[in-house]
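Summary of structural features
Okay, here's what each chain looks like letter by letter:
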Amino acid sequence: MISPDTPAYLLLSQRLRDGERLLWYGRPLQGLRLHSSDVTMIPFSLLWSGFAFFWEYSVIHSSASLLFRLWGVPFVLTEIYMLVGRFFYDAYRRARTWYGLSDRRAIIVSQVWGINEKSVNPGAVEQIEVDRQANGIGSIYFGTRPPLFRPT
């Protein structure tokens, strides 16, 4: 049931075109989540971070120049993001994302770096896939599913 007095309804209804009706709205799962791509990302980030931390530790405890000491800092920061930061950023992004389904299109509104709106006309997409778990939670893919998200 659509409740017209919710912030999500107001946000999505402002983006409707003339004569378009909002049929459904919702949000992605909230909180920290693992994705199927993490099967490869977690081992890769552990190996890469081991190298980056070892490099930085070795350079700091040697008589290397300041340039070499600073050279590893971006790699260490990138690794901190890959190890833990990306999970928090993903949760932050999903907490500021709303989905809407109108009688004409699917709408995604995100408020991460300003307001970003995407819409998909289902008639213009060759392939639509739905993955649904037993608990009813799932994902919809408009077009070809990214390789890391294909079932094995």
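Each remark here, short or long, concerns the structure printed above.
Notes on the structure in this doc start here. Since we're looking at a predicted model, the values are computed, not measured.

As a further point, take the overall build of the chain. A count of helical and extended segments in the chain gives four helices and six strands. Secondary structure elements of the chain, listed N to C terminal, follow the sequence α-β-α-α-α-β-β-β-β-β. Relative to the compact-globule value of 15 Å for 152 residues, the chain shows a C-alpha radius of gyration of 21 Å, a clear excess of over 25%. Considering only C-alpha atoms, the chain reaches an extent of 70 × 35 × 30 Å along its principal axes. The buried share of the chain, taken over its 152 residues, is 25%.

Looking now at the layout of surface pockets. Here the largest pocket defines a volume of roughly 1800 Å³. Along its surface, the largest pocket is lined by 48 residues, and Pro28, Tyr99, Gly138, Ser139 and Ile140 are the ones closest to its centre. Listed by contribution, the elements that provide at least two residues to the lining of the largest pocket are β1 (22-26), α4 (73-95), β2 (97-102), β3 (106-110), β4 (116-120), β5 (128-132) and β6 (138-142). Top element by residues in the lining of the largest pocket is α4. It accounts for seven residues.

Taken as a whole, this structure holds seven salt bridges when the rule is applied. For the salt bridge of Arg105 with Glu117, the shortest nitrogen-to-oxygen distance reads 3.6 Å. Of this pair, Arg105 sits in the loop between β2 and β3 while Glu117 sits in strand β4, placing them twelve residues apart in sequence. For Glu117, a relative accessible area of 36% corresponds to the partly exposed category. It is possible to trace a salt-bridge network through shared partners that takes in Arg15, Glu20, Arg105 and Glu117.

What follows covers the sheet that holds β1. Across the sheet, which stays open at both edges, the four strands sit in the order β1-β2-β3-β4 with antiparallel pairing between neighbours. Pairing within the sheet leaves two strands with one partner each, and these edge strands are β1 and β4. This sheet shows a mean twist of 20° between the axes of neighbouring strands, independent of strand direction. Relative to β3, β2 is paired through five bridges, and the arrangement is antiparallel. The residue bridging Leu101 from the neighbouring strand is Ala106, located in β3.

Glancing now at the pairing of β5. Regular strands show a simple pattern: their side chains alternate between the two faces of the sheet. Relative to β6, β5 is paired through five bridges, and the arrangement is antiparallel. Note that in β6 the partner of Arg132 across the bridge is Gly138. Where β5 folds back on β6, the antiparallel hairpin that results is connected by five residues, among which Gly136 adopts a positive phi of roughly 90°.

All right, on to helix α2 (residues 38-60) then. When the terminal C-alpha atoms of α2 are compared, their 31 Å separation across 23 residues agrees well with the 33 Å that a helix rising 1.5 Å per residue should span. Close packing links the buried residues of α2 with α3 (66-71) and α4.

Glancing now at the packing of aromatic side chains. Per the counting criterion, the structure on display carries five aromatic pairs. Ring geometry for Trp71 against Phe75: centres 6.2 Å apart, planes inclined by 45°, an arrangement best described as tilted. Residue Phe75 is classed as partly exposed on the basis of its relative accessible area of 34%. Connected via pairs of aromatic rings, a cluster forms that spans Phe44, Trp48 and Phe51.

About the thresholds
Residues numbered from 1 in each chain as written. Predicted model: local features only at pLDDT ≥ 70, side-chain atom pairs only at ≥ 80, totals over all residues. Heavy atoms only, no water. Helix = DSSP H or I, 4+ residues; strand = E, 2+ residues; numbered from the N terminus. Rg over C-alpha atoms; globule rule 2.2 N^0.38 Å. Buried < 20%, exposed > 50% of the residue type's maximum accessible area, 1.4 Å probe, protein only. 1 Å grid on protein atoms, 1.4 Å probe; cavity = no way out; pocket = protein on both sides within 12 Å on 5 of 7 lines; lining within 4 Å. Points joined across faces, edges and corners; volume = space filled by probe spheres on them. Salt bridge = Lys/Arg side-chain N within 4 Å of Asp/Glu carboxyl O. Pairing = 2+ DSSP bridges. Axes fitted to C-alpha atoms, helices over the stretch in contact; angles between N-to-C directions. Expected span 1.5 Å × (residues − 1). Contact = heavy atoms within 4.5 Å. Phe/Tyr/Trp six-rings, centres within 6.5 Å; stacked < 30°, edge-to-face > 60°.

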